[in-house]
Amino acid sequence: MAKKTSPQLPIEVTGTPKHPLGMPAEVFLRDYWQKRPLLIRGAFPGFVSPITPEDLAGLACEESALSRVVLHDRKRDRWELRTGPFDEAMFPDMPRQDWTLLVQDVDKWDMDVRDLLHRFRFLPAWRVDDVMVSFAAPGGSVGAHVDQYDVFLIQGLGHRRWQIDTNPDAPKAFRPDVELKLLSEFTPDHDWVLAPGDILYLPPGVPHHGVAEDACLTLSVGMRAPSVAELMVDLAEELAAATPEEARYADPDLALPADPFEIDEAAFGRVRQALSRLQDLDETALRRWFGRFITQYRSAGEIARPARPPALAALTSALDEGALLLRHPHARHAWARDGRKACLHANGLSLPMGVASARCLAGAERLDAAAVAGLDAAGREALVSLVAAGHYQLVKPKRRR
């Protein structure tokens, strides 16, 4: 039986250099993770935003970036949603207040933003979805809403007022007159203003509302939380793709029906038999399917394959001369044990190898000659496949003049 947590736990703490969460990570996971919100003052003291509002606006103009602008007309309480890519000329003409620019997957575009994720290694890396960055003019907001995933809201520039409702029975109905999923009712019971370096952690299902006190920038580290329906559909599609066309509902034991319009018990039994693969899925198949599923980004674009990928010998030679293999920012890797060995899962691929090799290829953002030399034969073979798929780019050292 799970141990009950104390209802008297603080909702606001102060971070320290040793414990940025204001407590040991294992205590946070035990008492707060997916259980209750937490405001952490000074989690990152002296925090300097890894991206500027100007750079964020430039990124929002990129064709493949996922961006949107939310504007609020306070007098009429009307909300407008615009989706990118945007024209650079739009931003100088934006109003002085009451709008927000949001860009998803900024960690795939900006390596300084990506480096922020190293501070969250107390969580499984495969659970992290992306870092969304939002810039808000004074009064800017996206309205009171609920997220169905965990999120760490890091204040990067300026100040944002956050209000939350911790009532587990808080109403969750949406406004029918707005394109955005905004709450019809919102009654906050906590109200804070966050400064740079402060973090607000919210588990799934907590109503919240953030409003910019001044021009501000917020970085949101969001978790990947697929719905059970999404898991079921993807698994069923994978099983269906592997099922031959000739495998069909059949009734060679058909008996004379008592009523030709009745679906009798024998028919339902045949349906159960036809769908038995869903019930009899073995553990290995389930684990490999989930590894492939969870390492596919829900929104990132396809990784371009190189026209002429190098063979292992060419890779090894270049690495010996000081080159590096840098992992593509859209490459999402994780590994799982598979008996005495392991499987590396990478953007929908499952590649068997030894545990040490899988751990290396899952965790390393860059590989040098020593790292590649340490891979087993299956790991090196998998690396060649990953380079051919565009997961790694060979970067040769600059020659001195």
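Residues numbered from 1 in each chain as written. Predicted model: local features only at pLDDT ≥ 70, side-chain atom pairs only at ≥ 80, totals over all residues. Heavy atoms only, no water.

**Notes on the layout of surface pockets**
Looking at the largest pocket, its volume works out to about 1,100 Å³. Lining the largest pocket are 40 residues, and of these Arg68, His145, Val146, Asp147 and Tyr149 sit closest to its centre. Those elements giving two or more residues to the lining of the largest pocket turn out to be strand S3 (67–73), strand S5 (99–103), strand S6 (128–136), strand S7 (151–157), strand S8 (160–164), strand S11 (208–212) and strand S12 (216–223). When residues of the lining of the largest pocket are assigned to their parent elements, the largest contribution, five residues, is made by S12. Across the lining of the largest pocket, the residue classes break down as 17 nonpolar, 13 polar and ten charged. The calculated volume of the second largest pocket comes to roughly 370 Å³. (1 Å grid on protein atoms, 1.4 Å probe; cavity = no way out; pocket = protein on both sides within 12 Å on 5 of 7 lines; lining within 4 Å. Points joined across faces, edges and corners; volume = space filled by probe spheres on them. Helix = DSSP H or I, 4+ residues; strand = E, 2+ residues; numbered from the N terminus. Nonpolar A, V, L, I, M, F, W, Y, C, P; charged D, E, K, R; others polar.)

**Quick notes on unusual backbone geometry**
Note the cis peptide between Gly84 and Pro85, where omega equals 5°. Considering the arrangement of structural elements, one finds Pro85 in the loop between strand S4 (78–83) and S5. Backbone geometry places Asp98, a non-glycine residue, at a positive phi of 65°. One can find Asp98 in the loop between S4 and S5.

**Some words on empty space enclosed by the protein**
Throughout the structure, instances matching the rule amount to one cavity of 30 Å³ or more. The computed volume of the largest cavity comes to approximately 40 Å³. Lining the largest cavity are Thr284, Arg287, Arg288, Ala336, Arg337, Asp338, Cys343 and His345. If you list the elements that add at least two residues to the lining of the largest cavity, you get helix H7 (283–294), strand S14 (333–338) and strand S15 (341–346). Of the residues belonging to the lining of the largest cavity, the class tally is two nonpolar, two polar and four charged.

**Topic: the sheet that holds strand S16 (residues 349–353)**
One open sheet holds the three strands; their spatial order is S14-S15-S16, and the pairing between them is antiparallel. Two strands in the sheet have a free side with no partner beyond their single neighbour: S14 and S16. Averaged over all pairs of adjacent strands, the angle between their axes in this sheet comes to 25°, without regard to strand direction. As defined by bridge partners, S14 adjoins S15 across six bridges and the pair is classed as antiparallel. Bridge pairing links Ala336 to Cys343 in S15. Packed onto the sheet, helix H9 (residues 355–363) meets S14, S15 and S16 and runs at close to 165° relative to S14. Here helix H11 (residues 377–388) sits on the sheet and contacts S14, S15 and S16; the angle it forms with S16, its principal contact strand, is near 155°. (Pairing = 2+ DSSP bridges. Axes fitted to C-alpha atoms, helices over the stretch in contact; angles between N-to-C directions. Contact = heavy atoms within 4.5 Å.)

**Here we look at the side chain of His391**
Here His391 shows up in the loop between H11 and strand S18 (392–395). Within the local environment of His391, its side chain forms a polar contact with the side chain of His333, the two groups lying 3.0 Å apart. In this view, His391 contacts Ile303, Leu326, Arg327, His328, Ala331, His333, Ala346, Asn347 and Leu386; residues no more than four positions away in its chain are not counted. (Polar contact = N/O pair within 3.5 Å; in protein donor to acceptor, adjacent residues only side chain to side chain.)

**Here we look at the pairing of strand S2 (residues 38–41)**
In the sheet, strand S1 (residues 12–14) pairs with S2 via three bridges, with the strands oriented parallel. By the bridge assignment for S2, Val13 is matched with Ile40. With helix H1 (residues 25–31) bridging S1 and the parallel S2, this β-α-β connection has right-handed handedness. (Right-handed = clockwise from strand over helix to strand, strands pointing away.)

**Focus on the pattern of salt bridges**
If you walk through the whole model with that rule in mind, you get 20 salt bridges. The shortest N-O distance in the salt bridge between Lys108 and Asp107 comes to 3.1 Å. Linking Asp177 and Arg175 is a salt bridge whose minimum nitrogen-to-oxygen distance equals 3.0 Å. Residue Arg175 is classed as buried on the basis of its relative accessible area, which comes to 17%. (Salt bridge = Lys/Arg side-chain N within 4 Å of Asp/Glu carboxyl O. Buried < 20%, exposed > 50% of the residue type's maximum accessible area, 1.4 Å probe, protein only.)

**Description of the nonpolar core**
Counting residues in hydrophobic clusters, the biggest one holds 45 residues, and the most contacted among them are Phe28, Phe91, Trp99, Leu101, Phe152, Ile154 and Val221. Broken down by secondary-structure element, the contributors of at least two residues to this core are S2, helix H2 (53–59), S3, S5, S6, S7, strand S10 (199–202) and S12. Aside from chain neighbours lying at most four places away, what touches Val221 is Leu117, Phe120, Val128, Asp130, Val131, Asp150, Val151, Phe152 and Ile154. (Core = buried A, V, L, I, M, F, W, Y, C linked by side-chain atoms within 4.5 Å.)

**Looking at the environment of Arg327**
Structurally, Arg327 is set in strand S13 (residues 324–327). Between the C-alpha atom of Arg327 and that of Leu361, which follows or precedes it by 34 residues, the distance is 9.6 Å. When neighbours within four sequence positions are excluded, Arg327 is seen to be in contact with His333, Leu361, Ala362, Gly363, Ala364, Glu365, His391 and Tyr392. Here Leu361 takes part through its backbone oxygen, which lies 3.0 Å from a polar atom of the side chain of Arg327. Looking at Arg327, its side chain comes within polar contact range of the main-chain oxygen of Ala364, at 3.2 Å.

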